[in-house]
Each structure stands twice: as C-alpha cells, then as structure tokens.
Amino acid sequence: KRRFRRAGAAKKSKRRVSSLRRDLCSTASPTQFLSAAAARSCKRYRPARAAHSPGSIAPRGETMAEWSGVRMTKKYLVELCQRHDGYRTPSVNDKLYLHQQGFRRLDPEVLKEFTGIKMLWLQANGLEKLEGFEHMPLLRNIAAHENCIEKIEGLEHSKELDSINLNRNFIKKVEGFEKNQNLTSINLGNNAIGPDAESYKAVAENLPKLQTLDLQANKIEDGAELLKILQKIPDLRVFYGMGNPFVKSFRHYRKRFVAGLPSLRYLDDRPVFEDERKRCEAWFAAFGEDENLDAANAAERDMIKTIKQEKRDQEERRVKAFDDMIREARAAHAAAEAAKQLEGVSFSGDPIHGVNGPLRDENADPNKPRKPFVDVEDLD
C-alpha cells in the first residue's frame, strides 16, 4: 500500500510541474521564466545551503524582480571556489565559477576581493547587468551567455579582456567595448541586434585585434552594409552570420563575403580553403557592380580549370624531382663503388681477390715469396 501511495503522489507531483512549465512557457516573458526557474532551484537547494550561507533567504518586502532567491555573499563564493578546487583566500583564485546559481545581479562589494580572477563563468543565471569588474584588472575571459542582459556595459576597467561570450541574451546594440582593445573574440549570437547598421557598427571601432565575431541568429537585414563594416576589421578570421534575414536576401552571400574579406579563414559552418578563395575572387571580379552573373560563372569555371592545371603541373614537377633524386643517388652509389674497387676494397669493406689470389700489398717485401693461392674446391 505504501508503495502505491508513493507512486500516486509522484505522478501528481509530475503533473503539477508539467502544468506549471506549460503555463510559464505560454504566458511568461523570458525574464519572468528565468526568475521562476531561479525560485524553484532556490527552493530545491535551500535546506542544503541554509547551514553554511545564512542570510540567503530573501528578506521580507523584496520582490522577485529585485532579488533572485540566492544572495551573493563572500562565504558562498568561497565555498564555490573550494568546490571547484579553488582556495579560501579570494585574491588567490584565478577562476570563478558562478554559473547556474540563480543570481539576478552581481554584487560589487563581494567581488572586489577577487582581484586575481582571469576567467569568470556567469552563464545560465538571470543576470540583467554586467558589473563588479572594477577590481579584476587581470580578467581575460567572460562567459555570460544564457542570461537576461539587454545592454553591454561595465567593461571599461577590463583592459586585458580577450574573449567574451554574450550568446542568448537580449542585446539590441553592440556597444561598451571602447576600452577593450585587446579583444580577439566576441560572441553575440542569438540576440536582437539589428536591423540597421547603427546597432552593430561598433564591432569595427577600437577593436584592432578582433579575429572571431559571432553575429548569427540576430535581426541584421542589410548584407552589403554589414560587409562594408566587416572590411574595416584588419584581421577578421572567423565570422558567423547565418540565421540573419540578410542571408536569404543578399544574393551569393558566401562568395561575396569570402572575396571581400581576404583574411577570413572560417565562415559559418565550414572553413574557407585557398581554392575556394581563388574561385570566389575570380567570380566577384567578373560579377562587378552591374552584377553580371553569366560572366561571373564563366570566370569561376575558368579559375577551376586553372586550379586543376596548376595541381597537375605541381604533381609532375614533384614526380620529376623525385626521379632526379633517385638518379643522382644511383650515380653517387656507382661512383663510390668504383672508387672502392680501385683501392682494392669492395663497397662493403671486404678485400677484393684477383684471379691468381689476393692482390699484392703495396707495402709488402718484394723479395719475400708469396703464399700460393688455394682454391676452396682443392681442399677436398
């Protein structure tokens, strides 16, 4: 009976949870959904955290919009550091794992003691703002994807920042990178950037070391304007643009971007090889401003033939060079063998015998009689 009662209670609990999720997904906004998820996770883990993080229960009078259910304290962050093989002293740690903790905001007063942090994980919380990095001068990597951030800010003190991931947020404009000239990688995919160029033109301003840019699944509509902006980036090597409206409206998107960005090595879902670059450059040169597609296709076919002929010529040169090397090696071997025979020693180092026995030693006494040569067949 107890077993059946437990099974029935579990089924009722699952039905209540599924109905709650269905109602949240149909009516709640992304921020409210994350808030409810944070509240559920807080209730689930509250008994385990109450013993070592007093004060983590929400004070009375504070709404869910003001507090996430998990208050950021120094004691709790130190415990997270120890849980991930860190140290009790905040300034000694160089990594801080704050992902999936249900935080809605970062507390600068708590983070100011973590002065040695180089890598910061913040993903899958409910953060609406980036802050508290004033005392982290060595910060190089920030992973803040899957949050509720609407504006890029709070990075003016992170001058050593090398990579930032803001994928799956609610960002509408690229900004806030004026002091981050060492950035090499920016991930802004799955946001709300666009449709005008004003929302993303900052990627080509004050970012001389930028190499990887992810703008996929946004709202960018003008492919030609985007290409002009990306051409201002001196060393752009990786770009993700698929999932934007311009991919369908901007004709021959891949060929134009490969031909227009000489340093590009990876575009969307596959790399850019040298053969493809030559074909795209020939195609784009013939395409021109009048968009002559027939001439462009003919130029691409001619370039394909040229590439194939170059590969055949290169293979022939390689085969010829190998044959020449073999011929020279055989000639050198024959010359060395002839020189050894002239000295009375074979190439393997053994003495050479004449018809009537061993050759006379030049240093031997000429008056001393030579031993007769005995053939092996006469020994029987």
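None of the values given here were measured: they were computed from a predicted structure.

1. Some words on the overall build of the chain
Within the chain one finds nine helices and eleven strands. The proportion of buried residues among the 380 residues of the chain is 35%. In the chain, the proportion of contacts linking residues at least 24 apart, taken out of those at least 6 apart, comes to 45%. On the chain, roughly 23900 Å² of surface is accessible, and the fraction owed to carbon and sulfur atoms is 51%.

2. Some remarks on the packing of aromatic side chains
In the structure shown here, the tally under the stated rule is nine aromatic pairs. When the centroid spacing of 6.3 Å and the interplanar angle of 70° are considered together, the rings of Y76 and F103 count as edge-to-face. Linking Y76 in helix α3 (residues 74-83) with F103 in the loop between β1 (95-97) and α4 (108-111), this pair joins segments that are 27 residues apart in sequence. Accessibility classification places Y76 together with F103 in one group, the buried group. A network of ring pairs unites the aromatic residues F239, F246, F250, Y253 and F257 as a single cluster.

3. Structural notes on the side chain of Q123
One can find Q123 in the loop between β2 (119-121) and β3 (141-143). The class of Q123 is buried, set by a relative accessible area of 13%. Ignoring sequence-local partners within four residues, the contact set of Q123 consists of H99, Q100, A143, A144, H145, E146 and N147.

4. Topic: the sheet that holds strand β8 (residues 266-267)
Here nine strands make up an open sheet; going across it, the order is β1-β2-β3-β4-β5-β6-β7-β8-β9 and the pairing mixed. Since the sheet does not close on itself, it has two edges, and those belong to β1 and β9 (270-271), each with one partner.

5. Side note on the nonpolar core
One finds L98, L122, F133, F239 and F257 to be the most contacted residues of the largest nonpolar core, which totals 62 residues. Listed by contribution, the elements that provide at least two residues to this core are α3, α4, α5 (223-230) and α7 (253-260). Those residues in contact with F133 that lie beyond four places of it in its chain are L106, L120, L122, L139, I142, G154, L155, H157 and S158.

6. What to know about helix α8 (residues 274-287)
In this model α8 runs 20 Å from its N-terminal to its C-terminal C-alpha over 14 residues, within 8% of the 20 Å that 1.5 Å per residue would give. Residues of α8 that are buried include every one of E276, R277, C280, A282, W283 and F287, and no others. On its buried face, α8 is in contact with α7, β9 and α9 (293-342). One or two positions beyond α8, positive phi appears at G288, with a value near 60°.

7. Looking at the side chain of E131
Mapped onto the fold, E131 is located in the loop between β2 and β3. One buried charge, E131, has no salt-bridge partner; the nearest side chain with opposite charge is R105, at 4.0 Å. Discounting residues that sit within four places of it in the chain, E131 has contacts with R105, L106, P108 and L111.

8. Section: the pattern of salt bridges
This structure, assessed with the given rule, holds 17 salt bridges. Close ionic contact of E315 with R318 constitutes a salt bridge, the shortest N to O distance being 2.3 Å. One end of the pair, E315, and the other, R318, are both in helix α9, three residues apart, so they sit about a helical turn from each other. Note on E315: relative accessible area 39%, which makes it partly exposed. Shared partners join several salt bridges into a network, and the residues in it are R251, R256 and E291.

9. Focus: α3
For α3, the full list of buried residues reads Y76, L77, V78, E79, L80 and C81. Phi turns positive, to about 60°, at D85, one or two residues after α3.

10. Points about the environment of G102
Inspection of the secondary structure puts G102 in the loop between β1 and α4. Separated by 22 residues in sequence, G102 and A124 have C-alpha atoms that sit 7.8 Å apart.

11. Digging into the confidence of the model for the chain
A residue-level look at the chain finds 72% of positions with pLDDT of 70 or above and a mean pLDDT of 82. Contacts for the low-pLDDT stretch residues 24-68, under 50 throughout, to residues beyond four places or in other chains number 46 contacts.

12. Considering the packing of α8 against α9
Interhelical geometry of α8 versus α9 gives an angle of 150° and a closest axis separation of 7 Å. Put simply, α8 runs roughly antiparallel to α9. Pair α8 / α9 crosses with right-handed handedness. Here D275, K278, R279, A282, W283, A286 and F287 of α8 come into contact with α9, specifically with L293, A295, A296, N297, A299, E300, M303, I304, I307, E310 and K311. Among the residues forming the contact of α8 with α9, the class breakdown is eleven nonpolar, one polar and six charged.

Here is what the cut-offs are and how they apply
- Residues numbered from 1 in each chain as written.
- Predicted model: local features only at pLDDT ≥ 70, side-chain atom pairs only at ≥ 80, totals over all residues.
- Heavy atoms only, no water.
- Helix = DSSP H or I, 4+ residues; strand = E, 2+ residues; numbered from the N terminus.
- Buried < 20%, exposed > 50% of the residue type's maximum accessible area, 1.4 Å probe, protein only.
- Contact = heavy atoms within 4.5 Å.
- Areas by Shrake-Rupley, 256 points an atom, 1.4 Å probe, with all protein chains shown as cover.
- Phe/Tyr/Trp six-rings, centres within 6.5 Å; stacked < 30°, edge-to-face > 60°.
- Pairing = 2+ DSSP bridges.
- Core = buried A, V, L, I, M, F, W, Y, C linked by side-chain atoms within 4.5 Å.
- Expected span 1.5 Å × (residues − 1).
- Lys, Arg positive; Asp, Glu negative; His and termini not counted.
- Salt bridge = Lys/Arg side-chain N within 4 Å of Asp/Glu carboxyl O.
- pLDDT = per-residue confidence, 0-100.
- Axes fitted to C-alpha atoms, helices over the stretch in contact; angles between N-to-C directions.
- Parallel < 35°, antiparallel > 145°, perpendicular 65-115°, else oblique.
- Left-handed = near helix turned anticlockwise from the far one by under 90°.
- Nonpolar A, V, L, I, M, F, W, Y, C, P; charged D, E, K, R; others polar.

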